[in-house]
Amino acid sequence: RPRALSGIQPTAGSFHLGNYLGAVRQYVALQDTHDAFYMVVDLHAITVPQDPAELRANTRLAVAQLLAAGLDPQRCTLFVQSHVPEHAQLAWVMNCLTGFGEASRMTQFKDKSAKQGADRTTVGLFTYPILQVADILLYQADAVPVGEDQRQHVELTRDLAERFNGRFGETFRVPAPHIVREVAKIYDLQEPATKMSKSASTPKGLVNLLDEPKATAKKIKSAVTDTGTEIRFDREAKPGVSNLLTIYATLTGTSVPELEARYEGKGYGALKTDLADVVVEFVTPFRARTQEYLDDPETLDSILAEGADKARTVAAETLAQAYEKVGFLPAK
Ligand code: AQP
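Residues numbered from 1 in each chain as written. Predicted model: local features only at pLDDT ≥ 70, side-chain atom pairs only at ≥ 80, totals over all residues. Heavy atoms only, no water.

K.L.:
Where do I start with the side chain of Thr 171 in this structure?
P.N.:
Along the chain, Thr 171 falls in the loop between α8 (151–168) and β5 (176–178). The exposure class assigned to Thr 171 is buried, which follows from its relative accessible area of 7%. In terms of polar contacts, Thr 171 uses its side chain to reach the backbone carbonyl oxygen of Gly 169, at 2.7 Å. With near-sequence residues (within four places) excluded, Thr 171 lies in contact with Gln 140, Phe 164, Asn 165, Gln 321, Ala 322 and Lys 325. (Helix = DSSP H or I, 4+ residues; strand = E, 2+ residues; numbered from the N terminus. Buried < 20%, exposed > 50% of the residue type's maximum accessible area, 1.4 Å probe, protein only. Polar contact = N/O pair within 3.5 Å; in protein donor to acceptor, adjacent residues only side chain to side chain. Contact = heavy atoms within 4.5 Å.)

Here's what the structure looks like:
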């Protein structure tokens, strides 16, 4: 079976609809076709300041949400990044193979650091794509399920894998991004030209999966739509309506043309009211399942302990090979 690897940050509060549709849904699907490794990336989380107690709680919350979304520890390896020290150990080697200019071209870093200002931007945020390279290469991943915003980081991973292999001999599998075009970028409900994101979105434009369903329904009903009345998918001319159609189609398994036909002659109001129901139907059991996992920390911890064991077995083997190739003297 091919390997898949991905990670998600332990965000305060909850995952948003963009995380779920762009990434987590694909994690769930790939369990059936791939030897899949998924982790909560707490090392990445500390690239911006974190309260220690909150970070711990958010890490559990992220694991509970992944389970609630359908990850099954019998069919995938689910773990917390900091439980596998090999990530940081390989990242150093990868740091030393990356050009400063090359790292400076990462658009996510440019965007985030511009927002934070130079004094508040950490070196960790600058090198986080390189940690991500190590995350992926340690597992010899073939496929990396992510949203469009992460494509450049997977490209960097490919470049560094090839560079390492070229310099030291065949060591790493060169991975490919697994990006589902239709849902690769879910947009802010209020600013449909902007990616839905925990840091950039307007509060009304961001759908957090664990929010009160009533509040979520209200956000959907007050989503910005476009001038005109026709319900038609057109990313350029109708970004708001197109975003709603994408969300609707993906959550219900209906095709966009079917939805266009169903809503022909009806107004935006009808689409938004129905979509609000669809989203509420999705988030209500999702919240309940997440809470069930949170209420059972022993089960959660044993899933993570088993996951870390399985992950370390693979990661340690790859790290040993890489260290040997680089020329580090083996410890006796
Ligand atoms: N709007 C989105 N549409 C599709 N996919 C998305 N992802 C994030 N936003 C969208 C994908 O979700 C996965 C996990 O993301 P992360 O934990 O790395 O968080 P992030 O990318 O930092 O998420 P945000 O909300 O976009 O955070 P900020 O505001 O900090 O940038 C990834 O695969 C990502 O592509």
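So that's the structure; there's more coming.
K.L.:
Hey, could you run me through the pattern of salt bridges in this one?
P.N.:
Should their charged atoms come close, side chains of opposite charge can pair. Tallied over the entire structure, the rule returns 14 salt bridges. For Asp 35, the salt bridge identified is with Arg 3, shortest N-O distance 2.8 Å. Here Arg 3 lies in strand β1 (residues 3–8) and Asp 35 lies in strand β2 (residues 35–40), a separation of 32 residues in the sequence. A single network of salt bridges, built from pairs that share partners, joins Asp 32, Asp 72 and Arg 75. (Salt bridge = Lys/Arg side-chain N within 4 Å of Asp/Glu carboxyl O.)

K.L.:
Before we go on, may I ask you to explain unusual backbone geometry in this structure?
P.N.:
Only a minority of non-glycine residues have a phi that is not negative, and only a minority of peptide bonds are not trans. Even without glycine at this site, Gln 140 takes up a positive phi of about 50°. As for its position among the elements, Gln 140 is in the loop between α7 (123–138) and β4 (143–145). The class for Gln 140 is buried, based on a relative accessible area of 13%.

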